[in-house]
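Descriptive analysis of the structure
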Number of protein chains: 2
Amino acid sequence: MSAGVRIGQLARNAGVGIHAIRFYERRGLLRRPPRSEGGYRLFDPDDARDLKFIRKAQSLGFSLAEIRELLILERTSAPGCVHVRDLLRRKLSDVRSKIEELKALEAQLASGLRKCQRELNRSRGQPEKGCPVLKELADAKESEDSK
Amino acid sequence: MSAGVRIGQLARNAGVGIHAIRFYERRGLLRRPPRSEGGYRLFDPDDARDLKFIRKAQSLGFSLAEIRELLILERTSAPGCVHVRDLLRRKLSDVRSKIEELKALEAQLASGLRKCQRELNRSRGQPEKGCPVLKELADAKESEDSK
DNA sequence: CTTGACTCTAGAGTTAACTCTAGGGTTTAC
DNA sequence: GTAAACCCTAGAGTTAACTCTAGAGTCAAG
Ligand SMILES: [Zn+2]
Ligand SMILES: [Zn+2]
Ligand SMILES: [Zn+2]
Ligand SMILES: [Zn+2]
């Protein structure tokens, strides 16, 4: 019955660009759709679902390569949980270590900010002595990486 | 007295590649050093300090463009605290929102992981019903982005 | 028929921060 | 006096995930 929807329509429905759709096809995330006589791609509803799958998986932090694997798993309807669990574990540990990194960074930045703020308060009217943060960065001894 | 050190030496001392040094020069982070008769760059100790500055600032999450500004500020020995404080504020707020993002991600991933784990426990010997995480991703209704 | 909106392919451009290569010259030590 | 180790420039390549372009063909409406 429905002969399939063209790329622009699919793109609008899914909220992605048509270039991205063709890109996903080249990368093996979307299957190659049948074509019209004139060579236009004709997508079916499952492709729309796959696009949503991609966007959800991206929001979970998966790369396109990982998503391709997930999509293949989903299509084969094989068990799959083991593979997915491993992927989730790896991602989770990546995310957790990234969070730790960022927290350390946050502390450093906050400390620098306090120093600048103090210097600005101190030098109301008085001549400034120079930014303490810049001084630390320019300081030859690289002691601040230690705890 | 000391006529200046060549690029390889400087690179070894600072722990960066020679290509990176030339790259920093092109990007305006390092000043153009004088040259030997044969055209070799001859660096002085201040350049080594600037390289350390760059590496420390990078570890604080600053981009090379931002570091260039910081270096220029540091060289002019003008007050500078205001500018630095604003940079720190922006960086800090970036870092904090990134942390929030990642924490939300962490929760999602952990929840998926628990689901996979339960399914794996449930199906000891029994046939699997398919991965619940994959099912959610493939599910047409995109409800999970809401809280 | 003739617009105008749409689509096709192949390939280049984007961003950041390097990294590497090719095809040369320079220094220094033996 | 020559070989090893070093350095030079300009420019291409890397990664991810697109984004955009050029130049051409297709399709529906009027
Ligand atoms: Zn599917
Ligand atoms: Zn599972
Ligand atoms: Zn300096
Ligand atoms: Zn300051």
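A brief look at the structure comes next. (Residues numbered from 1 in each chain as written. Chains lettered and ligands numbered in written order. Predicted model: local features only at pLDDT ≥ 70, side-chain atom pairs only at ≥ 80, totals over all residues. Heavy atoms only, no water.)

1. Considering the protein's contact with DNA strand D
Around DNA strand D, the structure places 19 residues, and the nearest of them are Tyr40(A), Gln58(A), Gly8(B), Arg22(B) and Arg41(B). Taking Arg35(B), its side chain carries an N or O atom lying 2.9 Å from a phosphate oxygen of DNA strand D. The contact in question runs from a base oxygen of DNA strand D to an N or O atom on the side chain of Tyr40(B), over 3.0 Å. Top element by residues in the surface near DNA strand D is helix H2 (residues 18-26) of chain A. It accounts for four residues. Taken together, the residues of the surface near DNA strand D break down into seven nonpolar, seven polar and five charged. (Near = heavy atom within 4 Å. Polar contact = N/O pair within 3.5 Å; in protein donor to acceptor, adjacent residues only side chain to side chain. Helix = DSSP H or I, 4+ residues; strand = E, 2+ residues; numbered from the N terminus. Nonpolar A, V, L, I, M, F, W, Y, C, P; charged D, E, K, R; others polar.)

2. Remarks on helix H3 (residues 45-59) of chain B
For H3(B), with 15 residues, the first-to-last C-alpha span of 22 Å sits near the 21 Å given by 1.5 Å per residue. Where H3(B) begins, the side chain of Asp44(B) points an oxygen toward the backbone nitrogen of Asp46(B), at a separation of 2.9 Å. (Expected span 1.5 Å × (residues − 1).)

3. Remarks on the pattern of salt bridges
All names here are of chain A. Tallied over the full model, the rule gives 22 salt bridges over all chains. Of the charged contacts in the structure, one is a salt bridge between Arg 49 and Asp 46, with a shortest N-O distance of 2.7 Å. Highlighted residues: Arg 49 and Asp 46, both in helix H3 (residues 45-59), separated by three residues, approximately one helical turn. In the salt-bridge network here, residues are joined through shared partners; they are Arg 31, Asp 46, Asp 47, Arg 49, Asp 50 and Arg 75. (Salt bridge = Lys/Arg side-chain N within 4 Å of Asp/Glu carboxyl O.)

4. Observations concerning the relation of the copies chain A and chain B
Aligned on chain B, chain A shows an RMSD of 0.1 Å; the corresponding rotation is 180 degrees and the shift along the axis is 0.0 Å. Both copies of the chain, as the preceding transformation shows, are related through a two-fold rotation axis. The position closest to the rotation axis in chain A is occupied by the C-alpha of Ile99(A), lying 3.0 Å away. The residues that chain A uses at the interface reappear at the interface of chain B in 100% of cases, marking a shared surface. (Least-squares fit on C-alpha atoms with pLDDT ≥ 70 in both. Contact = heavy atoms within 4.5 Å.)

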